[in-house]
Amino acid sequence: MITLILPLTTKQVCLTEIVKQIKNISDFNISLLILCEKKHSITVEFEKYNKSKSKNLNIGLNIFPNGTSEDSMINICLKELPNSNFILVRNDVKDFNTALIKEILLKSNASKSGKSTGKDNNDRITGERSRGGDVVMAKPLKKPNPIKNFFSRIAKKMCGLLFHFSFYDGDIGVQYFSDFTHSIMKTTNPLILTKLNKWLAINIEYVEFDVENTRIKNKDYSNNKLLMFLYAVSLFLVIGVAIFLVPIISSSFLIWLVVAFLCLILTTLILATTFRIYLIYKLGNIHSKNAYIINRR
């Protein structure tokens, strides 16, 4: 059984249309799990679907308090959902593309047919596999321009060097995760693992597909921009005061050492805050607030 997780916040979609689309993926045993706020219109559609005699798809609905963010919904859902293969389709994905989902599932299913020398879960990592992966997502066919690609490579190298993670090479809008990766996600922050590649020895595969990069719209910069401004102003003030007082402190090595230390600290804070802002701009929030489900159907 593969669980298709569909969080809905701003997107208004018709449940009957979703069911119709999923029926096109007939080669796989799929159940649908919808995450939404209490006020979302799909809750009414779900009641009508439940009462209809034509229902032939296993659908679950988790309802959250109004104002719950998509990231919070995903985080609590992945922690509470029993270990399973699942596909996550984010709210900001433009189209519910069943052709892409088919390609991703075929790629993930291919990993199960590869040879494995192990007999337990650990051997799923070390076992020999010809193709496929435990994490699969789309890689857009359109190549980024050279300048953007250059800075992207620099950002990736800095992430790997300083923070020991990298960005996925594909689009995070539609992602497949195996039941094994799901079990690992439950022991840490699952939301981060859906947005950043922090996996060790896990086979990550990509399906080349004509898909637009998903732009996460729900972004909370909190006080990062304000802190960035304050750190920058503080750095300029320290440098300005040091230059103004050169005639007075030119003979004091200790004072210059303090000035250099302050400049180093402020520069580090500016770089760290800049990186946090870049992460939020690129991926949305990578940390979520606590959430709870008020109704399960």
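Look above for the structure.
Basis of the calculations
- Residues numbered from 1 in each chain as written.
- Predicted model: local features only at pLDDT ≥ 70, side-chain atom pairs only at ≥ 80, totals over all residues.
- Heavy atoms only, no water.
- Helix = DSSP H or I, 4+ residues; strand = E, 2+ residues; numbered from the N terminus.
- Buried < 20%, exposed > 50% of the residue type's maximum accessible area, 1.4 Å probe, protein only.
- Contact = heavy atoms within 4.5 Å.
- Areas by Shrake-Rupley, 256 points an atom, 1.4 Å probe, with all protein chains shown as cover.
- Expected span 1.5 Å × (residues − 1).
- 1 Å grid on protein atoms, 1.4 Å probe; cavity = no way out; pocket = protein on both sides within 12 Å on 5 of 7 lines; lining within 4 Å.
- Points joined across faces, edges and corners; volume = space filled by probe spheres on them.
- Nonpolar A, V, L, I, M, F, W, Y, C, P; charged D, E, K, R; others polar.
- Arc of directions from axis to C-beta.
- Phe/Tyr/Trp six-rings, centres within 6.5 Å; stacked < 30°, edge-to-face > 60°.
- Lys NZ or Arg CZ within 6 Å of the ring centre and 35° of its normal.
- Salt bridge = Lys/Arg side-chain N within 4 Å of Asp/Glu carboxyl O.
- Pairing = 2+ DSSP bridges.
- Axes fitted to C-alpha atoms, helices over the stretch in contact; angles between N-to-C directions.

Draft legend 1. Here's a closer look at the overall build of the protein chain. The number of helices and strands found in the protein chain is 11 helices and 10 strands. Here the protein chain holds 297 residues, and the buried ones make up 44% of them. Residue pairs in contact within the protein chain that sit at least 24 positions apart in sequence constitute 82% of those at least 6 positions apart. As displayed, the protein chain offers around 17,000 Å² of accessible surface, 59% of which is attributable to carbon and sulfur atoms.

Draft legend 2. Examining helix α11 (residues 253–283) more closely. With 31 residues, α11 extends 45 Å from end C-alpha to end C-alpha; this agrees with the ideal 45 Å at 1.5 Å per step. Among all positions in α11, only Val259, Cys263, Leu266, Ile270, Thr273, Phe275, Ile277, Leu279, Ile280 and Leu283 are buried. Downstream of α11 by a residue or two, Gly284 has a phi angle that is positive, lying close to 80°.

Draft legend 3. Structural detail: the layout of surface pockets. What the largest pocket holds in volume is close to 1,700 Å³. Among the elements that line the lining of the largest pocket, the one with the most residues is helix α6 (residues 146–163), at 6 residues. Its residues placed into classes, the lining of the largest pocket shows 19 nonpolar, 9 polar and 19 charged. Considered as a void within the structure, the second largest pocket measures approximately 450 Å³ in volume. Around the second largest pocket, the lining comprises 22 residues; the ones closest to its centre are Asp220, Ile280, Asn285, Ile286 and His287. Those elements giving two or more residues to the lining of the second largest pocket turn out to be α3 (70–80) and α11. Of all the elements, α11 adds the most residues to the lining of the second largest pocket, at 5 residues.

Draft legend 4. Fine view of helix α1 (residues 15–23). Among all positions of α1, only Leu15, Ile18, Val19 and Ile22 are buried. The arc enclosing the buried residues of α1, seen along the axis, measures out at 100°, which places them on a common side. Of the exposed residues in α1, those oriented more than 90 degrees away from the buried face are Thr16 and Lys20.

Draft legend 5. View of the side chain of Thr98. Assignment of secondary structure puts Thr98 in helix α4 (residues 98–112). Looking at Thr98, the relative accessible area reads 13%, which means it is buried. Not counting residues up to four positions away in its chain, the partners in contact with Thr98 are Gln21, Ile22, Asn24 and Ile25.

Draft legend 6. Representation of the packing of aromatic side chains. Taken as a whole and judged by the stated rule, the model has 2 aromatic pairs. Ring geometry for Phe86 against Phe177: centres 5.3 Å apart, planes inclined by 25°, an arrangement best described as stacked. One end of the pair, Phe86, is in strand β4 (residues 85–89); the other, Phe177, is in strand β7 (residues 171–177), with 91 residues separating them in the sequence. With relative accessibility at 0%, the residue Phe86 sits in the buried group. Between the aromatic rings of Phe167 and Tyr278, the centroid separation amounts to 6.0 Å while the plane-to-plane angle is 80°, which identifies the pairing as edge-to-face. With Phe167 in strand β6 (residues 166–167) and Tyr278 in helix α11, this pair connects stretches of sequence that are 111 residues apart. By relative accessible area, Tyr278 is classed as partly exposed at 30%. Here the basic side chain of Lys139 rests over the ring of Tyr206, its NZ or CZ set 5.1 Å away from the ring centre. Stacked on the ring of Phe167, the Lys or Arg Lys282 has its end atom at 5.2 Å from the ring centre.

Draft legend 7. Focus on the pattern of salt bridges. Going through the model one piece at a time under the given rule, you end up with 4 salt bridges. When the shortest N-O distance is used, the salt bridge between Lys94 and Glu212 registers 3.1 Å. With a gap of 118 residues between them, Lys94 in the loop between β4 and α4 and Glu212 in the loop between β9 (204–209) and α9 (224–244) connect regions that are remote in the sequence. Across this residue pair, the class does not change: Lys94 and Glu212 are exposed.

Draft legend 8. Molecular detail of unusual backbone geometry. The phi dihedral of Ala201 falls on the positive side, at around 60°, and the residue is not glycine. Checked against the element boundaries, Ala201 lands in the loop between β8 (196–197) and β9. Its relative accessible area of 57% is what places Ala201 among the exposed residues.

Draft legend 9. Focus on the sheet that holds β4. Taking strand neighbours across the sheet as the criterion, the 8 strands line up as β9-β5-β7-β4-β1-β2-β3-β10 in an open arrangement whose pairing is mixed. Each edge of the open sheet carries a strand with a single partner, namely β9 and β10 (295–296). α3 contacts β1 (2–8), β2 (30–37), β3 (59–64), β4 and β10 of the sheet and is inclined by roughly 135° relative to β2.

Draft legend 10. Up close: the side chain of Asn224. Mapped onto the fold, Asn224 is located in helix α9. Ignoring sequence-local partners within four residues, the contact set of Asn224 consists of Thr273, Arg276, Ile277 and Ile280.

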